[in-house]
Amino acid sequence: MSETVADVSALIVQTLLANPKVPRDINGSSKIVEDLAFDSLAVMNFVMEIEDSLDVSVPLDRLADIRTIDDLAACVVSLKQAT
Amino acid sequence: MSIFSKYDGLAQSLAAVTADGGRNPFAVVIDRPLSSTVGLIEGRETLLFGTNNYLGLSQSEAAIEAAIAAARTHGVGTTGSRIANGTQGLHRQLEERIAAYFQRRHCMVFSTGYQANLGMISALAGKDDYLLLDADSHASIYDGSRLGHAQVIRFRHNDPEDLRKRLRRLDGTPGAKLIVVEGIYSMMGDVVPMAEFAAVKREAGAWLLADEAHSFGVMGAHGRGVAEADGVEGDVDFVVGTFSKSLGTVGGYCVSDHDGLDLIRLCSRPYMFTASLPPEIIAATMAALDEMGRRPELRHTLMDNARRLHAGLNAAGLRTGPQASPVVSVILDEVDQAVRFWNRLLDLGVYVNLSLPPATPDQHPLLRTSVMATHTPAQIDRAVDIFATVAREFGLMRPAAASA
Ligand SMILES: Cc1ncc(COP(=O)(O)O)c(C=O)c1O
């Protein structure tokens, strides 16, 4: 299985849009904290959902470097390639 | 720009909480306790239903006398850390007593429970290791994970199957895997399924650390916590806990059968770089520990009281967690309503904890209520009545109870 960053990014956007509180106009370059108004706990909980749909674990320390949805997608893809 | 401007949002949240003349819930002053269950607040005698003083031992006569005697013979402080001039005979004695209570070979005592988690977690899990934390872990566990260098993975709260899945993803990766759970979770009072976690741990060849902060002295035939109650102490590699709840003093500990624990004394920064516990606290803690061991009836009364409070609040139409445990949290929907409810309870003479998201699970505000072995049935009924009164004032009765 080899998802691309664009595939994963699209899946993340789709997952986020299932939450009615998330703005409708998000895309891969949306910033997770600023544009989605997520606090640190909300970010961790949403990452958990992504982990489950893609069967991957994202260590918490990796989150520190992630700002946009595309950053998260790139991180997930690199973690999946490493396994 | 002020160095505080990053807290503008926080300042606004605080202003909103105190907007219509409400108190600052994070600045309540208990002028002084009159007993373990009653405190003087705003000049009024107030029922204390928001402490962690589960056995009432903060007011133990024996502990008070022991503290006075130790202060007379040893003075009031050590002025040094455990690895320098801060280890006295009393520290060693306390470690032996705690180890004996848990029937473990080793014990390390820290200056607080917070530091025990910080110190154990950061030192046990190194750069090439993995820490697996329950999503609802206490701040001290999260902070410990940030102080160390391990990769940190969260699993769903109290969900051994979810942990199993996450461990499976790590199959074949080198590095130790340390799982961290709590005995009783402090916000909702829910109990860990320790035996199921122990099974997952055995299967995966992982290590297990249990923070029994709220379950020490509360669960298990001898008060050794949920691991004892579930009969899986042998699977728990490290038990961490605190003296600041059931023992009524202050300080933290870790007990283990692993001989390596002694090495942690030389690499755990929160153990090494802070002053050790003062003599009077150690003496009081040992006296409280004796009392806890000698009086198992305290635990039975505590659980009877927990059931009484849980049943009473539910009968009053309030929503709580499913389990009767010494922490019974009333779950509300809106922060604003929770703040007003909490203020009204205090006006009417009941002190509970107001817990607000994001410090609560599921984003719900909570009125965190806790019982003690020393509460009388009449005090519990009185508190439940006051809750019911306020719930009625706020139109919060659930239909089933309202018609009853
Ligand atoms: C689960 C848990 N662990 C650790 C601690 C820290 O203990 P202490 O307050 O004694 O430092 C607490 C309480 O604050 C707690 O609730």
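Cut-offs used in this document
- Residues numbered from 1 in each chain as written.
- Chains lettered and ligands numbered in written order.
- Predicted model: local features only at pLDDT ≥ 70, side-chain atom pairs only at ≥ 80, totals over all residues.
- Heavy atoms only, no water.
- UniProt positions renumbered as here; feature names shortened; annotations may be inferred.
- Near = heavy atom within 4 Å.
- Polar contact = N/O pair within 3.5 Å; in protein donor to acceptor, adjacent residues only side chain to side chain.
- Helix = DSSP H or I, 4+ residues; strand = E, 2+ residues; numbered from the N terminus.
- Nonpolar A, V, L, I, M, F, W, Y, C, P; charged D, E, K, R; others polar.
- Pairing = 2+ DSSP bridges.
- Axes fitted to C-alpha atoms, helices over the stretch in contact; angles between N-to-C directions.
- Contact = heavy atoms within 4.5 Å.
- Buried area = accessible area lost by both parts, 1.4 Å probe.
- Salt bridge = Lys/Arg side-chain N within 4 Å of Asp/Glu carboxyl O.
- Phe/Tyr/Trp six-rings, centres within 6.5 Å; stacked < 30°, edge-to-face > 60°.
- Buried < 20%, exposed > 50% of the residue type's maximum accessible area, 1.4 Å probe, protein only.
- Parallel < 35°, antiparallel > 145°, perpendicular 65-115°, else oblique.
- Left-handed = near helix turned anticlockwise from the far one by under 90°.

In the nomenclature of an unreviewed UniProt entry, chain B is known as Aminotransferase class I/II-fold pyridoxal phosphate-dependent enzyme of Gluconacetobacter johannae. UniProt's Cofactor (unreviewed entry) comment on chain B is quoted here verbatim: "pyridoxal 5'-phosphate".

Looking at an unreviewed UniProt entry, chain A carries the name Acyl carrier protein, with the source organism given as Gluconacetobacter johannae.

Undergrad: Explanation requested: the site of the ligand in the structure shown.
TA: All names here are of chain B. In the vicinity of the ligand there are 14 residues, among which Asp-211, His-214, Thr-242, Ser-244 and Lys-245 approach most closely. Asp-211 is positioned such that a nitrogen or oxygen atom in its side chain is 2.6 Å from a nitrogen atom of the ligand. Here an oxygen atom of the ligand sits 2.6 Å away from a polar atom, N or O, in the side chain of Thr-242. In terms of residue count, the dominant contributor to the shell around the ligand is helix α4 (residues 113-124) (three residues). Of the residues assigned to the shell around the ligand, the class counts are two nonpolar, nine polar and three charged.

Undergrad: Help me understand the sheet that holds strand β4 (residues 106-110) of chain B, please; the structure alone is not making it clear to me.
TA: Strand pairing in a sheet relies on backbone hydrogen bonds. The paired strands run either parallel or antiparallel. All names here are of chain B. Strand order across the open sheet formed by seven strands is β4-β10-β9-β8-β7-β5-β6, with mixed pairing between neighbours. The outermost strands of the open sheet, each flanked by one partner alone, are β4 and β6 (151-155). The sheet shows a mean angle of 20° between the axes of neighbouring strands, taken without regard to direction. In this fold helix α7 (residues 194-204) packs onto β6, β7 (177-182) and β8 (207-211), with an angle of close to 155° to the strand it touches most, β8.

Undergrad: Looking at this structure, I do not really get the interface of chain B and chain A. What am I missing?
TA: Much of the literature gives interface size as the accessible area that the parts lose upon coming together. Listed by partner, the interface residues are 16 residues for chain B and 15 residues for chain A. It is Arg154(B), Arg156(B) and Arg169(B) that lose the most area in chain B upon contact with chain A, and together they represent 46% of the buried surface on that side. Scanning the region where chain B abuts chain A turns up six salt bridges. At the boundary of chain B and chain A, one finds 10 residue pairs in polar contact (both at pLDDT 80 or more). Within the residue set of the side of chain B that touches chain A, elements represented by two or more residues are β6 and α6 (160-169) of chain B. Element by element, the count of residues in the side of chain B that touches chain A is highest for β6(B), at five residues.

Undergrad: What is the right way to read the packing of aromatic side chains from this model?
TA: For any pair of aromatic rings, the description rests on two quantities: the centre-to-centre distance and the angle between the ring planes. All names here are of chain B. Tallied over the full model, the rule gives 12 aromatic pairs over all chains. Plain terms: the ring middles of Phe-341 and Phe-394 are 5.4 Å apart, the flat faces sit at 45° to each other, and that makes the pair tilted. A residue pair is termed long-range when its members are at least 10 positions apart, and Phe-341 in helix α13 (residues 335-347) and Phe-394 in the loop between α14 (377-393) and α15 (399-403) qualify at 53 residues. Overall, the relative accessible area of 0% leaves Phe-341 in the buried class. A connected cluster of aromatic rings, assembled from ring pairs, spans Tyr-101, Phe-102, Phe-216, Phe-243 and Tyr-253.

Undergrad: What is the right way to read the UniProt feature "domain: Aminotransferase class I/classII large" (unreviewed entry) in chain B from this model?
TA: Sites flagged by UniProt as "domain: Aminotransferase class I/classII large" (unreviewed entry) map to residues 46-385 of chain B. Helix makes up 41% of residues 46-385 of chain B and strand makes up 16%, while its end C-alpha atoms are separated by 14 Å.

Undergrad: So what exactly am I meant to see when it comes to the packing of helix α2 (residues 61-74) of chain B against helix α11 (residues 279-294) of chain B here?
TA: Working note: a packed helix pair is described by the angle between its axes plus the distance between those axes. Residues and elements named next belong to chain B. It is at 7 Å that the axes of α2 and α11 come closest, and there the two elements cross at 150°. As the angle between them shows, α2 and α11 are arranged roughly antiparallel. Remark: the crossing between α2 and α11 carries right-handed chirality. Judged by residue contacts, Ala-62, Ala-63, Ala-66, Ala-67, Ala-70, Ala-71 and His-74 of α2 engage Pro-279, Glu-280, Ala-283, Ala-284, Ala-287, Ala-288 and Glu-291 from α11. For the contact of α2 with α11, the per-class residue count stands at 11 nonpolar, one polar and two charged.

Undergrad: Is there a simple way to explain the pattern of salt bridges in this structure?
TA: For side chains bearing opposite charge, pairing can occur when the charged atoms are close. Summed over the entire model, instances satisfying the criterion amount to 34 salt bridges over all chains. Measuring nitrogen to oxygen at the nearest pair gives 2.6 Å for the salt bridge that ties Asp52(A) to Arg156(B). Of the two residues, Asp52(A) sits in helix α3 (residues 40-54) while Arg156(B) sits in the loop between β6 and α6, which places them in two different chains. Given the relative accessible area of 25%, Asp52(A) is considered partly exposed. We note a salt bridge from Glu95(B) to Arg82(B), for which the minimum N-O separation is 2.9 Å. Of this pair, Glu95(B) sits in helix α3 (residues 89-102) while Arg82(B) sits in the loop between α2 and α3, and the two are 13 residues apart along the sequence. Comparing Glu95(B) with Arg82(B), the two get one shared label, buried. Salt bridges linked by common partners bring Glu51(A), Asp52(A), Asp55(A), Arg156(B), Asp162(B), Lys165(B), Arg166(B) and Arg169(B) together as one network.

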